[in-house]
Every structure is written in C-alpha cells, then in structure tokens.
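Breakdown of the fold
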Amino acid sequence: MTKTTASAPVLSPRALNRATLDRQLLLRRSGLSAKAAVGHLLGLQAQNVKPPYYALAARLDGFAPEELSELMADREVVRIVTMRSTIHTHTAEDCLTLRPLVQPARDRELINFRKGLQGVDLDRLAVLARELVEAEPRTMKQLREALLAEWPDADPQALAIAARCKLPLVQVTPRGLWGRSGQVALTTAEHWLGRPAEPTHTEPTPTGPTPDATVLRYLAAFGPASVKDMQTWAGLTRLRDAFERLRPQLRIFRDENGVELFDLPEASRPAEDTPAAPRFLPEFDNLLLSHADRTRVVPKEYWGRSWQGNQAYCTLLVDGFLAGIWKLTGDTLVVEPFDRLTKAQQEDVTAEGERMLGTLHPGTPYDIRFGTVVGR
C-alpha cells in the first residue's frame, strides 16, 4: 500500500453499496430515456432477450418495454459480444467504440481454440466471414458450414467462434425485440449501422482514443472502483496505466481491506443509511458482475447462491444487497429469499413485484408468492 493510499478515506461495504446503487440507477428510479440509460450504464448484459428489459424496468421511472424494442428496431441499440465475451445490449455509438476496446480479449479467446484452427489463415477467415454476413445475415450454423467448405479439416465450432472473435458481429432484428421471436442471425456492426467502428488504443496515439474516457464512464456507472474491478468488468488486463494517467483528476479512497479505489471528484456518494427499496433484477445483471470484489452487493454468506452450474437466477435486492432469487412460473411470481424477511420487507417486496409486473406485463394477472427460504 502506498503512502497516498494509506491516508485515503476508507469506504465501508455499505458506503460502496449506496454509491454503486446510485450510479446504477437503483437507489432511486431515474427519469432518463431508455437510450440514455443504456449509454450511461455502458450496456446491459443480454445473454437472453428479456434481461435488458427487466434491467431497465428496475431502474427507470415510466419505462415501457416498447421503448427499448423500438430503439433496437431502429438500430439505435444493438446486441453484440463485448465485455467478458458475453452478449450486451449497447447503444450504436458504444457498439462501435467498446467492441474495439475489448478486441485484445477476443484475440486471447482464440488461443483456446487453436487446435481446431490449425492451418486456418485467420486474416483470410475474417475477410471471408465479413463477405458472407454482409451479403446476408447468417446464423452461426450457416457461418460454420460456409467456412468449413474452405477449411474442411478445421473444427466447425472453432471456425464460427473465430469469426465472432475477429469481427464485430451484431444480432439482427427481430432477435431481441419485445414480444417477438427470432433466431440469432449475424452481420457486422459496420454493415448494420452504416458507419465504421472507431479504433481504440491502450496507449496514447495520434490515430485514436485511449481507454481513458471509458475509465471515466466506468467510474460514473460503477464507482468507486479499483483497477481490478474495471478489468473484471471489461475482461481486460493492463488498465493500470490508464488509471495512472487519470489519477491527478480523480479522488482516491480505499476499502476496508486497504484496496485503492478511484472515483470521479463530483460523483455522488450517498450516506450509508440512505434507504434502498427492493429491486427485482434479471439474471446476470451487471450490478452483480462488474467488480472483482462483489461484497458491496453480495454478502459473503450468500456468495454462489444466485446461480447453479451454468444456470443463473433472477435476483432480488433488499436494502440494497442480494437477498434472494425470483422467477415467473405460469401466472405466479415466486420469490425465494435467502433469509427470513420481516413483514414490512415482505410488503415492500410485494409492492415492487407488482410494479415490475405492471410495467412489463400490463393487464396480465399474477399472484405473488413467497417460496421456501433458499439455503435454510
């Protein structure tokens, strides 16, 4: 620990919780538009179609799912693999800047498939794959089959993954639209959006921006945070230099373990006792995935309870912290807390559940039932 860090103010897990909830638009609902919220949050995890809609319903006042769906239909937001090699819903502008930022991680991902790509010229593959998907959107199956015709001895799955890693492939609509179904069909971001991606560099250059602007945006949405926190969010390494360049204009804190935390000087850091109403979050919400140390949201005793194997559950926040899971089963919203809720807490959770259902499923009657306390 440096002398500067040792003298920095300490932020408790509860203080970090309230600050992060505020940045995430979860301490109080925001009046931002859906597009502005997606931009502020640097995208929404979107492994499945519905989570971005539930994520915004928990964060925005007056949100209607059609608002996000129309943005997607109008190509103002898109679905694309970015941070942590997972699908996110991004604004068109962020799609064209954040995807180049995480390209080093996509290049490293290819190392895991090198056995299946022996003899494959990856630059030629990228050219051929681009021609294929820009001629018409292709499913992964169609892309595999077309590339396999060129490299019959390669692993078909590895060929398709190589195309996804080498190119910024977006999922075209109707995939992702609210109340619609559609298979995953892909084309390049540049083709879908009608403009080129913006190069991003890890060091200052005359030809493109550095990650510095993204560091500032990350802190605005997830701060206060450590270098390792942002690296976890982005799935990148070597971001220390960007933080050091920005250090003179940032505030420095530390957590109770002495880890150095950075923040924007004018950012809100609400008092620890600021009330936090319950929130229903989708599976893989960014709030739970974007820090190396998740104790600001996930109590240590509940670690690992929001997923089982590869299956993630929708999560419930009570008093700002992970407190249970939930699911819609038929016409019933089932809430399964990790511990006993007080009568007042149950009433607040019920009211929030009714609000969520009214936002996303208006006119559909649902019962709300509290299930068995998970883990007891």
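See the structure above.
Residues numbered from 1 in each chain as written. Predicted model: local features only at pLDDT ≥ 70, side-chain atom pairs only at ≥ 80, totals over all residues. Heavy atoms only, no water.

**Quick look at the overall build of the chain**
A count of helical and extended segments in the chain gives 15 helices and 14 strands. Relative to the globule expectation of 21 Å for 376 residues, the C-alpha radius of gyration of the chain, 22 Å, shows essentially globular dimensions. Its C-alpha atoms give the chain principal-axis dimensions of roughly 65 × 60 × 35 Å. Classification of the 376 residues of the chain by burial places 53% in the buried group. Seen as two clouds, the 47 positive and the 47 negative side-chain charges of the chain have centres 3 Å apart. (Helix = DSSP H or I, 4+ residues; strand = E, 2+ residues; numbered from the N terminus. Rg over C-alpha atoms; globule rule 2.2 N^0.38 Å. Buried < 20%, exposed > 50% of the residue type's maximum accessible area, 1.4 Å probe, protein only. Lys, Arg positive; Asp, Glu negative; His and termini not counted. Charge placed at Lys NZ, Arg CZ, Asp CG, Glu CD.)

**Side note on the sheet that holds strand β12 (residues 321-329)**
Taken in spatial order, the 5 strands make up an open sheet running β8-β11-β12-β13-β14, and their pairing is mixed. Each edge of the sheet is formed by a strand with only one pairing partner; in this case those strands are β8 (279-281) and β14 (367-370). Averaged over all neighbouring strand pairs, the angle between strand axes comes to 30 degrees, with direction disregarded. Sitting on the sheet, helix α15 (residues 343-360) is in contact with β8, β11 (314-318), β12, β13 (332-337) and β14, with an inclination near 145 degrees to β14. (Pairing = 2+ DSSP bridges. Axes fitted to C-alpha atoms, helices over the stretch in contact; angles between N-to-C directions. Contact = heavy atoms within 4.5 Å.)

**Focus on the packing of aromatic side chains**
Applying the stated criterion across every chain, the model contains 9 aromatic pairs. Seen from their ring centres, phenylalanine 243 and phenylalanine 262 are 5.0 Å apart, and the 55 degrees between their planes marks the pair as tilted. Placement of phenylalanine 243 in helix α14 (residues 240-246) and of phenylalanine 262 in strand β7 (residues 260-263) is noted, with a sequence separation of 19 residues between them. Assigned by exposure class, phenylalanine 243 and phenylalanine 262 land together as buried. Consider the rings of tryptophan 303 and tryptophan 307, whose centres lie 5.4 Å apart with planes at 90 degrees: the pair is edge-to-face. Overall, the relative accessible area of 35% leaves tryptophan 307 in the partly exposed class. By the ring-pair criterion, three or more aromatic residues cluster together here, those being Tyr54, Phe280 and Trp326. The residue whose ring lies beneath arginine 75 is tryptophan 192, and the NZ or CZ to ring-centre distance is 3.4 Å. (Phe/Tyr/Trp six-rings, centres within 6.5 Å; stacked < 30°, edge-to-face > 60°. Lys NZ or Arg CZ within 6 Å of the ring centre and 35° of its normal.)

**With respect to the pattern of salt bridges**
Side chains bearing opposite charge may pair, as long as their charged atoms lie close to each other. This model, assessed by the stated rule, comprises 27 salt bridges. Notably, a salt bridge pairs glutamate 109 with arginine 106, separated by 3.0 Å at the nearest N-O pair. Linking glutamate 109 with arginine 106, this pair stays in helix α7 (residues 103-111), spanning 3 residues, or about one helical turn. Here arginine 106 falls in the buried class, since its relative accessible area comes to 4%. Put simply, arginine 124 and glutamate 150 hold a salt bridge, and the shortest N to O gap is 2.1 Å. Here glutamate 150 lies in helix α9 (residues 140-150) and arginine 124 lies in helix α8 (residues 122-135), a separation of 26 residues in the sequence. Overall, arginine 124 belongs to the partly exposed group, its relative accessible area being 43%. Its relative accessible area of 32% is what places glutamate 150 among the partly exposed residues. When salt bridges with common partners are traced through the structure, they connect Arg240, Glu244, Arg247 and Glu260 into a single cluster. (Salt bridge = Lys/Arg side-chain N within 4 Å of Asp/Glu carboxyl O.)

**Considerations on helix α10 (residues 156-166)**
By the burial criterion, the buried members of α10 are Ala158, Leu159, Ala160, Ile161, Ala162, Ala163 and Cys165. Buried residues belonging to α10 abut α6 (92-101), α7, α8, α9 and β4 (169-171).

**Digging into the sheet that holds strand β3 (residues 87-91)**
Strand order in the open sheet formed by 5 strands is β1-β3-β2-β4-β5, and the pairing between neighbours is antiparallel. Bordering the open sheet on either side are β1 (44-45) and β5 (186-188), each of which pairs with just one other strand. As judged from the 3 bridges shared by β4 and β5, these two strands associate in the antiparallel manner. Counterpart to glutamine 171 in the pairing with β5 is leucine 186. Contacts between α6 and the sheet are confined to β2 (77-81), β3 and β4, with β3 contributing the most and set at about 120 degrees to the helix.

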